[in-house]
Amino acid sequence: MISVNLPVTDLAAAEAFYRGLGFVQNEQFSDERTASFVVEENIVVLLQTRDRFADFVPDAGRMGDPAQSTTVLNALSAGSRQEVDDLLERALTSGGKPWMPAQDHGFMYGVSFTDPDGNVWEAVWMDPTAVQ
């Protein structure tokens, strides 16, 4: 299982964004400072207020701020080019922002966007016949 922990400044806005992407909130692991979203069976995104996130960082003064600089690139694979475009559209209509221009290499296609806090997400489709 992979758990991606992300610091957020406005938990309600972040929850709305991730719901808009189509991720399902797990209420059992959500509270006033944390929101848990299931991306897939073994992938969970834990949104944490910055003060809650700091509880897990030995030196909270060195905690990164994705609004100031890129701290991580999270990439999701998609089943088709259309699925990539659909995820980008949902991200932009849910409070996200475009990040890098789309990359089209024919056999591989990807887009990227940020959540309201600046955490970067990519959606990538690769032609399965090109991988073989």
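Before reading on, note that the structure itself is shown above.
Residues numbered from 1 in each chain as written. Predicted model: local features only at pLDDT ≥ 70, side-chain atom pairs only at ≥ 80, totals over all residues. Heavy atoms only, no water.

A. Broad picture of the nonpolar core. Counting residues in hydrophobic clusters, the biggest one holds 26 residues, and the most contacted among them are Tyr18, Leu21, Val45, Leu47 and Phe113. Not counting residues up to four positions away in its chain, the partners in contact with Tyr18 are Leu6, Phe23, Phe37, Val45, Leu47, Asp115 and Trp121. (Core = buried A, V, L, I, M, F, W, Y, C linked by side-chain atoms within 4.5 Å. Buried < 20%, exposed > 50% of the residue type's maximum accessible area, 1.4 Å probe, protein only. Contact = heavy atoms within 4.5 Å.)

B. Local environment of the environment of Ala75. Assignment of secondary structure puts Ala75 in strand 5 (residues 73-77). Taking the C-alpha atoms as reference points, Ala75 and Gly110, 35 residues apart in sequence, are found 9.5 Å from one another. (Helix = DSSP H or I, 4+ residues; strand = E, 2+ residues; numbered from the N terminus.)

C. Up close: the side chain of Asn74. Residue placement: Asn74 occurs in strand 5. Not counting chain neighbours up to four residues away, the residues in contact with Asn74 comprise Val4, Leu6, Val120, Trp121 and Glu122.

D. Spotlight on the sheet that holds strand 4 (residues 43-49). The sheet built from four strands is open, its strands ordered 1-4-3-2 with mixed pairing. The open sheet has two edge strands with one neighbour each: strand 1 (2-8) and strand 2 (24-26). Neighbouring strand axes in the sheet, compared pairwise and without regard to direction, differ in orientation by 30 degrees on average. (Pairing = 2+ DSSP bridges. Axes fitted to C-alpha atoms, helices over the stretch in contact; angles between N-to-C directions.)

E. Seen up close, the environment of Phe53. Locating Phe53 in the fold gives a position in helix 2 (residues 50-54). Taking the relative accessible area as the measure of exposure, Phe53 reaches 17% and is therefore buried. With 48 residues separating them along the chain, Phe53 and Asn5 place their C-alpha atoms 7.9 Å apart. If we ignore the near neighbours within four places in the chain, the residues touching Phe53 are Asn5, Leu6, Pro7, Gln48 and Met63.

F. Representation of the side chain of Ser30 in the model. Position of Ser30 among the secondary structure elements: in the loop between strand 2 and strand 3 (34-40). From its side chain, Ser30 meets the backbone oxygen of Asn26 in a polar contact 2.8 Å long. In this structure, Ser30 is in contact with Gln25, Ala35 and Ser36, ignoring residues within four places of it in sequence. (Polar contact = N/O pair within 3.5 Å; in protein donor to acceptor, adjacent residues only side chain to side chain.)

G. Region of interest: the pattern of salt bridges. This structure, assessed with the given rule, holds four salt bridges. Across the pair Arg52 and Asp55 runs a salt bridge, and its minimum N-O distance is 3.0 Å. Take Asp55: its relative accessible area is 48%, and that puts it in the partly exposed class. One network of salt bridges, in which partners are shared, links Arg33, Asp51, Arg52 and Asp55. (Salt bridge = Lys/Arg side-chain N within 4 Å of Asp/Glu carboxyl O.)

H. Inspection of a negative patch on the surface at higher detail. Negative charge collects at one region of the surface, where Glu40, Glu41, Glu83, Asp86 and Glu89 lie side by side. The element contributing the most residues to the negative patch is helix 3 (residues 81-93), with three residues. Assessed through its relative accessible area of 49%, Glu40 is described here as partly exposed. (Patch = residues over 30% accessible without salt bridge, like charges linked within 9 Å, V, L, I, M, F, W, Y side chains within 5 Å. Areas by Shrake-Rupley, 256 points an atom, 1.4 Å probe, with all protein chains shown as cover. Lys, Arg positive; Asp, Glu negative; His and termini not counted. Charge placed at Lys NZ, Arg CZ, Asp CG, Glu CD.)

I. Just a nonpolar patch on the surface, in detail. A cluster of nonpolar side chains, namely Leu73, Trp99 and Met100, defines an oily patch on the protein surface of about 280 Å² accessible area. Structurally, Leu73 is set in strand 5. On the basis of relative accessible area, Leu73 is assigned to the partly exposed category, the value being 47%.

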